[in-house]
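# Structural description and commentary
Listed below, chain by chain, are the residues.
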Amino acid sequence: MAYVAHDASVFAPPAEVGEMELYHPKTWLGKYVWSQDAKVIGIQYAITAIGIGLVALVMSWLIRLQLGFPDSFSFIDPSNYLQFVTLHGMIMVVYLLTALFLGGFGNYLIPLMVGSRDMVFPYVNMVSYWVYLFAVLLLVASFFVPGGPTGAGWTLYPPQAILQGTPGATWGIILMLVSLVFFIIGFTMGGLNYVVTVLQARTRGMTLMRMPLTIWGIFMATVLALLAFPALLVSAIMMLFDLLLGTSFFMPALVSMGQQSEHAGGSPLLFQHLFWFFGHPEVYIVALPAFGIVSDLLSVHARKNIFGYRMMVWAIVAIGGLSFVVWAHHMYVSGMNPYFGFFFATTTLIIAVPTALKVYNWVLTLWHGNIQLTVPMLFAIGFIFAFIHGGLTGLFLGNVTVSVPLSDTMFVVAHFHLVMAVAPIMVVFGAIYHWYPKITGRMLNEGMGKFHFWATFLGTYAIYLPMHYLGFLGVPRRYYAVGGTDFIPASAQSLNAGITIASLLVGAVQLVFLYNLVWSYFKGKPSGGNPWNATTLEWQTADTPPKHGNFGATLPVVYRWAYDYSVPGADQDFIPQNVPAREVART
Amino acid sequence: MTPATPTTIAQPLPLADGVQGIVADWSSDQRAFKNVPWGKAMMWIFLLSDTFIFSAFLISYMTVRMSTVEPWPNPSEVFALTLFGKQVPLLLIAIMTFILISSSGTMAMAVRFGYQKNKQMTFILLLITAALGATFVGMQAFEWITLIKDGVRPWGNPMGAAQFGSAFFMITGFHGTHVTIGVIFLIVVAIKVLRGDLDHQRPGFLTGRKGNYEMVETMGLYWHFVDLVWVFIFALFYLW
């Protein structure tokens with residue numbers, strides 16, 4: 001009896017909708033600047049996000065220079081330091097990772113991988129990018145206003161965020177909040193497009209349960225973002241009112257700098273609840289696309305189907321749902337009813353179940369696979385390491401009794417950097433090495449890529465593993481200098497210096513990556529249409545890079561799931577999604 | 001490329017009943033929601049997101065109402081109109097609510113006439129809906145002016161807790177903005193209907209997609225949502 005694939009059909013159902021109309025621009029500007037093509041918009045998003053991300057990278061160097069070698073740099077005063085900490089966090093989380101995963105990869109990959117010619121509303125999609133760019137420019141503008149950008153910490157907690165004495169309390173905080181409002185407006189326009197495209201504009205045969213996990217991850221993250229950003233929008237508006245109109249939503253009566261403030265009766269805790277109702281799903285907005293993409297990278301480069309596809313999908317959905325009921329584990333030291341802490345600790349630990357399921361499935365995908373140690377694969381494996389380490393410390397911090405003494409120490413910094421900075425950025429790099437050939441038609445240089453991986457992987461571990469130890473010693477986060485604090489031994493300072501050197505080196509290595517991007521665009525090895533022998537639709541396009549409309553004359557028809565690698569009996573070790581059962585070459 | 005056909009095809013498909021139908025829809029090919037045009041699906045998802053915005057506003061209002069130490073002004077007294085020398089509580093609000101709910105009725109009728117391709121009636125009903133919406137906004141402006149004359153400001157008021165004015169201006173202002181945007185788009189859609197844009201499938205300026213009478217229903221979704229939100233604001237802010 002012939003081998004029956006996991007999920008393959010002989011026939012595809014008839015088309016339910018006609019061809020999508022496309023707007024074809026005639027000028028160069030219309031094609032590459034005011035473009036309505038999701039692929040161009042995706043690249044615009046990616047370049048802008050990486051550009052502003054580099055600013056945040058430089059700020060992390062300055063933070064580390066101050067921490068590693070206090071009293072050595074006269075150009076970093078305490079205000080600057082707080083501003084760097086604030087902007088580094090905000091840019092990396094919102095303006096880099098969210099925009100890059102959803103705006104960048106989402107725009108580029110969703111239409112290609114579900115077999116659509118474009119997003120459902122390309123014009124709205126284009127406006128989404130320009131609003132995002134405007135938000136980024138507002139953020140950049142805050143560097144040039146009197147007082148500089150806000151130094152309130154990326155969480156922007158009131159009352160201190162808007163009180164005089166905090167850096168940037170006059171102009172910086174206004175620009176920050178307005179920029180966030182515009183970011184949310186821009187994101188909503190794009191996000192609605194991504195969701196509707198996935199739900200309503202798939203090609204024939206592409207059922208939801210045949211979609212690559214990349215699309216599942218981006219889709220679910222977009223849903224989370226559409227439901228979580230409203231809380232941030234509302235808190236930004238209310239804080240602007242407190243600041244500009246003198247309302248007291250978040251501001252209690254207090255004495256600041258020797259003066260009784262004009263506010264009374266507000267609730268600072270309300271802001272924290274609103275912020276973290278956005279803030280915790282935000283972690284998964286960044287993590288879920290990474291989960292999805294890394295699943296595909298592991299499957300393609302291990303030449304093996306993803307282990308437990310359906311469970312992977314349900315885990316993504318479950319994590320998405322649970323992420324809305326764990327937010328107050330960020331607030332154990334804020335002053336809450338102890339029963340709340342009990343509830344949120346429990347939900348936090350429950351979310352580890354679907355997450356652990358995913359980790360097991362990744363490892364089991366590698367098990368007995370034909371592992372190709374390509375650069376994307378190296379980054380995918382690096383992701384698993386960083387994510388397991390960061391995830392395990394997350395279980396520590398989810399427990400109230402363990403979390404309280406570790407709150408606001410370097411342990412927390414090490415935890416969230418491993419789990420939501422190093423892990424997702426590993427996937428970003430892996431994804432860029434993986435899809436660069438489709439975007440440009442050329443391979444990225446492998447030698448430079450491998451150097452980039454090992455230096456980044458080992459370097460980030462050199463930064464964050466010792467940082468856990470600093471946290472156990474009680475070294476606080478966000479402090480400009482700890483000075484002669486009794487409980488912190490002098491050796492902590494040498495450790496800090498070592499971490500700083502490692503972080504400078506890791507930062508410098510990213511220049512090799514940027515050089516590789518440019519060099520390979522002109523001199524890289526031509527890749528052909530499907531260099532990785534992958535099954536998903538974006539590798540089956542008529543042209544590489546794909547033209548506007550993605551698929552040439554006819555849309556592909558899908559006959560199987562996305563993971564038919566090393567199918568027994570088939571001649572090739574991969575069967576693309578658009579190959580019907582009768583056309584599979586067998587010997 | 002094959003010649004383009006309309007992006008939405010609205011032929012009824014046989015559906016299984018109940019839960020099985022839902023499962024069959026979700027797990028099916030090409031579209032999760034059969035016969036639902038893109039614009040309508042997008043509006044539903046946007047409204048879901050917008051629901052979270054209004055929920056956050058209302059929950060925040062309830063929180064500050066609890067956190068403030070000053071007494072909360074009595075809405076029935078603050079929002080009373082003096083008519084023939086008698087104080088009638090919530091009179092203006094009752095009329096405003098009545099007008100807004102009525103506009104939902106005319107909107108629903110516009111949708112019905114739209115699907116019948118009755119340009120004249122659709123146009124008239126859309127304009128009536130817009131007029132009722134504009135009346136609502138006008139009366140809200142009157143209410144704002146009355147309150148401001150009484151000394152209510154976002155940062156304080158003579159009746160009690162400062163948060164009363166803050167929450168009032170913020171929430172009704174945000175809702176009023178929604179109504180105003182709705183009125184503008186109602187007029188835009190009405191003009192499109194009258195010009196026959198929806199019959200000739202002329203592409204819209206905002207989406208670039210071809211016009212059709214489902215647009216009227218999508219517009220209606222937004223309008224009903226704005227009305228529904230008002231019911232919650234009415235119940236939680238004015239009646240409580």
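Residues numbered from 1 in each chain as written. Chains lettered and ligands numbered in written order. Predicted model: local features only at pLDDT ≥ 70, side-chain atom pairs only at ≥ 80, totals over all residues. Heavy atoms only, no water.

### Regarding the overall build of chain A
Counting its secondary structure elements, chain A contains 15 helices and two strands. The globule rule puts the C-alpha radius of gyration for 587 residues at 25 Å, and the 24 Å found for chain A is close to it. Along the three orthogonal principal directions, the C-alpha set of chain A runs to about 85 × 50 × 50 Å. When each of the 587 residues of chain A is scored for burial, the buried share is 62%. Relative to all contacts within chain A whose residues are 6 or more apart in sequence, the contacts with residues 24 or more apart total 79%. Entry remark: accessible area of chain A is about 21400 Å², with carbon and sulfur atoms responsible for 70%. Across chain A, the mean location of the 23 positive side-chain charges is 10 Å away from that of the 21 negative side-chain charges. (Helix = DSSP H or I, 4+ residues; strand = E, 2+ residues; numbered from the N terminus. Rg over C-alpha atoms; globule rule 2.2 N^0.38 Å. Buried < 20%, exposed > 50% of the residue type's maximum accessible area, 1.4 Å probe, protein only. Contact = heavy atoms within 4.5 Å. Areas by Shrake-Rupley, 256 points an atom, 1.4 Å probe, with all protein chains shown as cover. Lys, Arg positive; Asp, Glu negative; His and termini not counted. Charge placed at Lys NZ, Arg CZ, Asp CG, Glu CD.)

### Things to note about the environment of Leu 192 of chain A
Within the secondary structure, Leu 192 of chain A is located in helix α5 (residues 172-200). Sequence separation of Leu 192 of chain A and Thr 536 of chain A is 344 residues, and the distance between their C-alpha atoms is 24 Å. Setting aside its immediate chain neighbours within four residues, Leu 192 of chain A contacts Leu 226 of chain A together with Met 42, Ile 45 and Phe 46 of chain B.

### Remarks on the interface of chain A and chain B
It is common to give the size of an interface as the accessible area lost on bringing the parts into contact. Across the contact, 54 residues belong to chain A and 46 residues belong to chain B. Between chain A and chain B lies a buried interface of about 4500 Å² when both sides are counted; carbon and sulfur atoms form 67% of it. When the buried area of chain A at its contact with chain B is split by residue, Glu 16, Glu 21 and Gln 200 of chain A rank highest and sum to 18% of it. Counting the contacts that link chain A with chain B gives two salt bridges. Of the charged contacts, one joins Glu 16 of chain A and Lys 34 of chain B as a salt bridge, the two residues approaching to 2.9 Å between their closest N and O atoms. The tally of links between chain A and chain B comes to 17 residue pairs in polar contact (both at pLDDT 80 or more). (Buried area = accessible area lost by both parts, 1.4 Å probe. Salt bridge = Lys/Arg side-chain N within 4 Å of Asp/Glu carboxyl O. Polar contact = N/O pair within 3.5 Å; in protein donor to acceptor, adjacent residues only side chain to side chain.)

### Here we look at the environment of Ile 173 of chain A
Residue and element names in this part refer to chain A. Within the secondary structure layout, Ile 173 lies in helix α5. C-alpha of Ile 173 to C-alpha of Gly 148: the two residues are 25 residues apart in sequence and 9.2 Å apart in space. Excluding its chain neighbours within four sequence positions, the residues that come into contact with Ile 173 are Thr 150, Leu 156, Ala 161, Ile 162, Gly 168, Met 239 and Leu 243.

### Looking at the confidence of the model for chain B
All names here are of chain B. Across chain B, pLDDT averages 88, with 92% of residues at or above 70. For the stretch residues 1-10, pLDDT sits under 50, and the model shows 25 contacts to residues farther than four places along the chain or on other chains. Complex prediction metrics read pTM 0.94 and ipTM 0.93. (pLDDT = per-residue confidence, 0-100.)

### A look at the packing of aromatic side chains
Residues and elements named next belong to chain B. Following the criterion strictly, the structure yields 72 aromatic pairs over all chains and no others. Ring geometry for Phe 136 against Trp 230: centres 4.9 Å apart, planes inclined by 85 degrees, an arrangement best described as edge-to-face. A residue pair is termed long-range when its members are at least 10 positions apart, and Phe 136 in helix α5 (residues 119-149) and Trp 230 in helix α7 (residues 214-239) qualify at 94 residues. Grouping residues by exposure puts Phe 136 and Trp 230 together as buried. Judged by centre distance (5.8 Å) and plane angle (70 degrees), the ring pair of Phe 237 and Tyr 238 falls under edge-to-face. (Phe/Tyr/Trp six-rings, centres within 6.5 Å; stacked < 30°, edge-to-face > 60°.)

### Describing the pattern of salt bridges
Residues and elements named next belong to chain A. If you walk through the whole model with that rule in mind, you get twelve salt bridges over all chains. For the salt bridge of Asp 543 with Lys 547, the shortest nitrogen-to-oxygen distance reads 3.3 Å. Judged by relative accessible area, Asp 543 falls into the partly exposed class, the value being 25%.

### Description of the environment of Gly 391 of chain A
Secondary-structure assignment places Gly 391 of chain A in helix α11 (residues 375-398). A C-alpha to C-alpha distance of 8.2 Å links Gly 391 of chain A and Ala 352 of chain A, two positions 39 residues apart in sequence.

### Some thoughts on a nonpolar patch on the surface
Residue and element names in this part refer to chain A. Taken together, the side chains of Leu 349, Ile 388, Leu 392, Leu 395, Phe 396 and Val 402 make up a nonpolar region of the molecular surface, amounting to roughly 440 Å² of accessible area. It is α11 that provides the largest number of residues to the nonpolar patch, a total of four residues. Within the secondary structure layout, Leu 349 lies in helix α9 (residues 338-350). (Patch = residues over 30% accessible without salt bridge, like charges linked within 9 Å, V, L, I, M, F, W, Y side chains within 5 Å.)

### Considerations on the confidence of the model for chain A
Overall, the prediction assigns chain A a mean pLDDT of 93, with 99% of residues at 70 or greater. pLDDT under 50 marks residues 1-5 of chain A. Its contacts with residues more than four places away, or in other chains, come to five contacts.

### Here's the deal with the pairing of strand β2 (residues 86-89) of chain B
Residues and elements named next belong to chain B. Taken together, the four bridges between strand β1 (residues 80-83) and β2 define a ladder with antiparallel strand orientation. Paired with Leu 81 across the bridge in β2 is Val 88. Where β1 hands over to β2, the hairpin turn is made up of two residues, of which Phe 84 adopts a positive phi near 50 degrees. (Pairing = 2+ DSSP bridges.)

### Some details on the packing of helix α7 (residues 268-301) of chain A against helix α10 (residues 352-366) of chain A
Any two packed helices are characterised by how steeply their axes cross, that is the angle between the axes, and by the distance between the axes. Residue and element names in this part refer to chain A. Packing of α7 against α10 leaves a shortest axis separation of 9 Å and a crossing angle of 15 degrees. In terms of their interaxial angle, α7 and α10 are classed as roughly parallel. Crossing of α7 over α10 shows left-handed handedness. Residue-level contacts link Phe 291, Val 294, Ser 295, Leu 298 and Ser 299 of α7 to Thr 355, Lys 358, Trp 362, Thr 365 and Leu 366 of α10. Looking at the contact of α7 with α10 residue by residue, the classes come out as five nonpolar, four polar and one charged. (Axes fitted to C-alpha atoms, helices over the stretch in contact; angles between N-to-C directions. Parallel < 35°, antiparallel > 145°, perpendicular 65-115°, else oblique. Left-handed = near helix turned anticlockwise from the far one by under 90°. Nonpolar A, V, L, I, M, F, W, Y, C, P; charged D, E, K, R; others polar.)

### Remarks on the nonpolar core
Residue and element names in this part refer to chain A. Within the largest apolar cluster, 257 residues are counted, with the highest numbers of intra-cluster contacts made by Tyr 95, Phe 105, Trp 362 and Phe 383. If sequence neighbours within four positions are ignored, Tyr 95 has contacts with Ala 49, Ile 52, Met 90, Tyr 132, Ala 135, Val 136, Leu 139, Met 176, Ser 179, Leu 180 and Phe 183. Judged by nonpolar contacts, the second largest core, of five residues, contains Ala 570, Ile 575, Val 579 and Val 584. (Core = buried A, V, L, I, M, F, W, Y, C linked by side-chain atoms within 4.5 Å.)

### Considering the side chain of Thr 536 of chain A
All names here are of chain A. When you line up the elements, Thr 536 lands in the segment after α15 (491-523). Relative accessible area serves as the criterion here: at 6%, Thr 536 is assigned to the buried category. Here Thr 536 is in contact with Met 113, Pro 212, Ala 562 and Gln 577, once residues within four sequence places are set aside.

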